[in-house]
Amino acid sequence: MLYALSKITRKYGSRTVLDIPLMEIEKGAIYALLGPNGAGKTTLLNILGFLEVPTTGDILYSSKPVNFSESSLQNLRKEVVMIDQHPILFTSTVYKNVEFGLKIRRVPQKKRGIIIEETLDLVGMRDFEQAQAHRLSGGETQRVALARALVVSPEVLLCDEPTSNLDVENQAAIINTLKQINEQRKITIMFTTHYMYQVSSLAHHTFFLDHGKLTTAQAEPFCQG
Amino acid sequence: MELLTDSFISAILLIASLDPEVFSIVWVSLKVSGISTLIASLMGAPLGFLIAYGSFKGKRILIVCLNTMLALPTVVIGLFVYSFISRRGIFGPFDLLYTQKAIIIGQVILILPIVTTLTIAAISRIDERYRKTAMTLGANRWQTACVIFREARFGIVAAVIAAFGRVIAEVGISMMLGGNARGFTRTMTTAMALEYDKGEFILAVALGIILLVLSFGINLIFHFFQGRTRT
Ligand SMILES: Nc1ncnc2c1ncn2[C@@H]1O[C@H](COP(=O)(O)OP(=O)(O)O)[C@@H](O)[C@H]1O
Ligand SMILES: [Mg+2]
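About the cut-offs
The numbering scheme is per chain: residues are counted from 1 as the chain's sequence reads. The order in which chains are written sets their letters, starting at A; the order in which ligands are written sets their numbers, starting at 1. Where local features are concerned, this predicted model is filtered to residues with pLDDT of at least 70; where side-chain atom pairs are given and counted, the filter is 80 or more; whole-chain, interface and lining totals use all residues. Hydrogens are left out, water is left out, and the side-chain values use all remaining heavy atoms of the structure. Segments assigned H or I by DSSP are reported as helices when at least four residues long, segments assigned E as strands when at least two residues long, and all are numbered from the N terminus. In this treatment the radius of gyration is a C-alpha quantity, and the globule benchmark scales as 2.2 Å times the residue count to the 0.38 power. The buried label goes to any residue with under 20% of its type's maximum accessible area, the exposed label to any with over 50%, and the partly exposed label to all in between, with areas taken from a 1.4 Å probe on protein chains only. Contact between two residues is taken to exist if any of their heavy atoms lie within 4.5 Å; hydrogens are not considered. All accessible-area figures derive from a Shrake-Rupley calculation using a 1.4 Å probe, and residue coverage is judged against the displayed protein chains alone. His is not counted here, nor are the chain ends, while Lys and Arg score as positive and Asp and Glu score as negative. Taken as the charge centre is NZ of Lys, CZ of Arg, CG of Asp or CD of Glu, depending on the residue. Patches in this entry comprise residues that are over 30% relatively accessible and not in a salt bridge; like charges within 9 Å are linked, as are nonpolar side chains (Val, Leu, Ile, Met, Phe, Trp, Tyr) within 5 Å. Only one rule defines a salt bridge in this text: a Lys or Arg side-chain nitrogen within 4 Å of an Asp or Glu carboxyl oxygen. Here an angle of 0 to 180 degrees is reported between the N-to-C directions of two axes, which are lines fitted to C-alpha atoms, with helices fitted over the stretch in contact. Roughly parallel refers to an angle under 35 degrees, roughly antiparallel to one over 145, roughly perpendicular to one between 65 and 115, and oblique to any angle outside these ranges. Crossings are classed by handedness, with left-handed meaning an anticlockwise turn of the near helix from the far one by less than a right angle and right-handed meaning a clockwise turn. Charged means Asp, Glu, Lys or Arg here, nonpolar means Ala, Val, Leu, Ile, Met, Phe, Trp, Tyr, Cys or Pro, and polar covers whatever is left, Gly included. pLDDT measures the predictor's confidence residue by residue and takes values from 0 up to 100.

### Notes on the overall build of chain A
No. 1: In terms of helices and strands, chain A carries seven helices and 10 strands.
No. 2: By the compact-globule yardstick of 17 Å for 225 residues, chain A fits well, its C-alpha radius of gyration being 17 Å.
No. 3: Expressed along its principal axes, the backbone C-alpha trace of chain A runs to roughly 45 × 40 × 30 Å.
No. 4: Within chain A, buried positions represent 55% of all 225 residues.
No. 5: Counting only contacts in chain A whose residues sit at least 6 apart along the sequence, the fraction spanning at least 24 positions is 69%.

### Here we look at the overall build of chain B
No. 1: Across its full length, chain B carries 11 helices and zero strands.
No. 2: Mapped from its N terminus to its C terminus, chain B presents α and β elements in the order α-α-α-α-α-α-α-α-α-α-α.
No. 3: By its C-alpha atoms, chain B is 65 × 45 × 25 Å across when sized along the principal axes.
No. 4: Relative to its full complement of 231 residues, chain B shows a buried share of 45%.
No. 5: Long-range contacts, defined here as pairs at least 24 residues apart, represent 77% of the contacts in chain B between residues at least 6 apart.
No. 6: On chain B, roughly 12,300 Å² of surface is accessible, and the fraction owed to carbon and sulfur atoms is 70%.
No. 7: Within chain B, the 12 negative side-chain charges are centred at a point lying 19 Å from the centre of the 20 positive side-chain charges.

### Describing a nonpolar patch on the surface
No. 1: A cluster of nonpolar side chains, contributed by Phe8, Ile9, Ile12 and Leu13 of chain B, occupies part of the molecular surface with about 390 Å² of accessible area.
No. 2: Structurally, the position occupied by Leu13 of chain B is in helix H1 (residues 2-16).

### Quick word on the packing of helix H2 (residues 20-53) of chain B against helix H8 (residues 153-168) of chain B
Residues and elements named next belong to chain B.
No. 1: It is at 9 Å that the axes of H2 and H8 come closest, and there the two elements cross at 140°. Taken together, the axes of H2 and H8 are oblique relative to one another. For the crossing formed where H2 meets H8, the hand is right-handed. Contacts between H2 and H8 involve Ser29, Leu30, Ser33, Gly34, Thr37, Ser41 and Ala45 from the former and Ile156, Val160, Ala163, Phe164, Val167 and Ile168 from the latter.
No. 2: A breakdown of the residues in the contact of H2 with H8 according to their chemical character gives eight nonpolar, five polar and no charged.

### A short note on the side chain of Ser164 of chain A
No. 1: On the secondary structure map, Ser164 of chain A appears in the loop between strand S7 (156-159) and helix H6 (168-185).
No. 2: Those residues in contact with Ser164 of chain A, other than ones at most four positions away along the chain, are Gln85 and Tyr195 of chain A.

### Side note on the confidence of the model for chain B
The predicted coordinates should not be examined in detail at positions where pLDDT is low.
No. 1: Looking at chain B, pLDDT values average 92 and 98% of them are 70 or higher.
No. 2: On the interface metric, ipTM, the complex scores 0.92, and its pTM is 0.87.

And the structure:
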């Protein structure tokens, strides 16, 4: 098991927006997280991404209990990357955006260049390397955000509505990339979505979230296409 | 009217002749204002960042206080600093009164609130997602702060320029704490006030022209950076 959550709750003021008695995520699988607006999907991804601390409960990550101090969360974040529903790119070039995580990890410059070009190729944005990031379209922004997350070779990729605002072509490109990196690099992926067909083509398992509670959490058979 | 046109022409000639006195005065002004701005920026930009990013008790009140300090008249600051550095003040033994250092102290007090509040505004405009993005990509607190600072860079430069524009044109502090000593603490504005008192307008008009041109340049740059923050 990669993650094991037990008795996780998240409260805002007196409102409980997440209440998960038990949740397990296995390594190398693709999970879909479905639910209506306000169900708590983003909140759950934030917690899995170690960006938000649950109000109560425990998490085991790689079989080790998670300590919710800022410094230990910071270490865990090196392995888990979340891509926002509306990703925001740094006011800089595409290249510099993608380079960020590698710089932080002190990857030598030459090696950085190789990884960045390879990853930009993967998402089909190699030609935009020197483009100013804020000039990109929605689909291009999403691809660059994906590349920026992938260069750091994360263990887990959390995608919040990765295709919600994209045209069909870009949706297909993103889905293919996610599938490819899961197969080739064994990256565990969890994404949230409204679209059922994406779930069937991409996810190995599906979680349904409603009013902060998981309504069905059993593993479903993986069906291709 | 003739007085003004005559002085204006003579003033232009004076500037064109590269008069050493004019340039000594301009130099003192630029130097003192530049140092004040540098010190206030080195203090105010990080302070503004901490206030904008921190969550602590009394944050709102602190911002209201800083905004109030924006309206502090220069003569009040002059009087306040004077009471500390005059011979009978607690810093009297340092002999600061009527030196460039005295002007700088007063001017830093004048523009520290400007740099701080404009930095708070610039940082607050920065999208929350930048912080989250930096963090999820593995940045530590310091690296995350650098990302936000970088995103706010045009706004912060604009804050610094606004502060410089304020000190270069102020007269109360320079006069009260500098004393208008020729070649030493005589700035563009204090020189203009003095020449006016003497009823001699040529140097005053010349300095006025230089000050206006400088202010125009500063505002052009300020405008440019403000514009950049909106895109
Ligand atoms: N920072 C916050 N402060 C207060 N309430 C919040 C905050 N973030 C989310 N919520 C609330 O938590 C609930 C779940 O939100 P979210 O996780 O974004 O749902 P979803 O992503 O499924 O649409 C919503 O009702 C939302 O209003
Ligand atoms: Mg959401």
